[in-house]
Amino acid sequence: AASRPNRFRRGVLWGMLALGLGQFVLDESPIADWLLSPLFLADTSGQADAIVVLGAGVVGPCVPNVSAVRRTLMASDLWRQGRAPVVLFTGGRPSDSDCPVASIMAELGTRLGIPADHVIVETGSRTTLENALYAGPMLDALQVRRVVIVTDRLHMLRASLVFGARGYDVERAGVPVYATHHGNLDMLWGGLREYVAL
């Protein structure tokens, strides 16, 4: 009986060692990149009729999360480069927030230099499919046929397929994976979510 605590401690130590080794292998090897490579679409450089920024999320009351900030920064850069004359932010209110994500991101976009009269906001959508469906009437009113989709790189394949299925020609501008994911394990969880959603 006296040896049971020792065996338990050894088991815990071996388990921690295995977890640490697994984390090291994931972070230092190309395994994660290989598993997720089908999701990684290259950016394109063509002109478009509109930049469409897909909503990300919030942290705390009406504060954009890292993905929302990164997507908005990219959209403001694209607008300054003249890639499209208008920027449409799309995304509704998360269940734990009083503010639509698109409104928060659009406010940040104007602070970053996108003129307010070049910004359109869609605040009803909660999913990628709804992003495209609810943005559709706004884009159609402007006779938009080609869009630059701005989203995280892991999300780009799904977003491009959804907007392409709605009849839009799609250009792509993806936020780099490591700008929004903390290591390969976090990236793998995000990739698994995308594979399930696809």
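Everything in this summary refers to the structure shown in the same document.

### Overview of the overall build of the chain
Along the backbone of the chain there are 8 helices and 5 strands. Of the regular secondary structure in the chain, the N- to C-terminal order runs α-α-β-α-β-α-β-α-β-α-β-α-α. Counting across all 198 residues of the chain, residues that qualify as buried make up 44%. By sequence separation, contacts in the chain at least 24 residues apart represent 72% of the contacts at least 6 residues apart. Carbon together with sulfur atoms contributes 60% to the accessible area of the chain, which is approximately 10600 Å² in total.

### Comments concerning helix H5 (residues 128-141)
With 14 residues, H5 extends 20 Å from end C-alpha to end C-alpha; this agrees with the ideal 20 Å at 1.5 Å per step. Taking the largest bend as the criterion, H5 deviates by roughly 40°, centred on Ala 135, and proline Pro 137 comes between one and four positions later. Taken together, the buried positions of H5 are Thr 128, Asn 131, Ala 132, Ala 135, Gly 136 and Leu 139. Contacts from the buried residues of H5 go to strand E1 (50-54), strand E2 (87-90), strand E3 (119-122), strand E4 (146-152) and helix H6 (153-165).

### Regarding the packing of helix H3 (residues 66-80) against helix H4 (residues 101-111)
At their nearest, the axes of H3 and H4 sit 9 Å apart, and the two run at 45° to each other. The angle between H3 and H4 places the two elements in the oblique class. When the axes of H3 and H4 are compared, the crossing they make is right-handed. Side by side, H3 and H4 meet where Ala 68, Val 69, Arg 71 and Thr 72 of the first sit next to Met 105, Leu 108 and Gly 109 of the second.

### Here we look at the side chain of Arg 153
Here Arg 153 is to be found in helix H6. Within polar-contact distance, the side chain of Arg 153 engages the backbone oxygen of Leu 41 at 3.1 Å. Here Gly 174 takes part through its backbone oxygen, which lies 3.1 Å from a polar atom of the side chain of Arg 153. Not counting residues up to four positions away in its chain, the partners in contact with Arg 153 are Leu 39, Phe 40, Leu 41, Asp 43, Gly 174, Val 175, Pro 176 and Val 177.

Cut-offs used in this document
- Residues numbered from 1 in each chain as written.
- Predicted model: local features only at pLDDT ≥ 70, side-chain atom pairs only at ≥ 80, totals over all residues.
- Heavy atoms only, no water.
- Helix = DSSP H or I, 4+ residues; strand = E, 2+ residues; numbered from the N terminus.
- Buried < 20%, exposed > 50% of the residue type's maximum accessible area, 1.4 Å probe, protein only.
- Contact = heavy atoms within 4.5 Å.
- Areas by Shrake-Rupley, 256 points an atom, 1.4 Å probe, with all protein chains shown as cover.
- Expected span 1.5 Å × (residues − 1).
- Bend = angle between axes of the 7 residues up to and from the residue.
- Axes fitted to C-alpha atoms, helices over the stretch in contact; angles between N-to-C directions.
- Parallel < 35°, antiparallel > 145°, perpendicular 65-115°, else oblique.
- Left-handed = near helix turned anticlockwise from the far one by under 90°.
- Polar contact = N/O pair within 3.5 Å; in protein donor to acceptor, adjacent residues only side chain to side chain.

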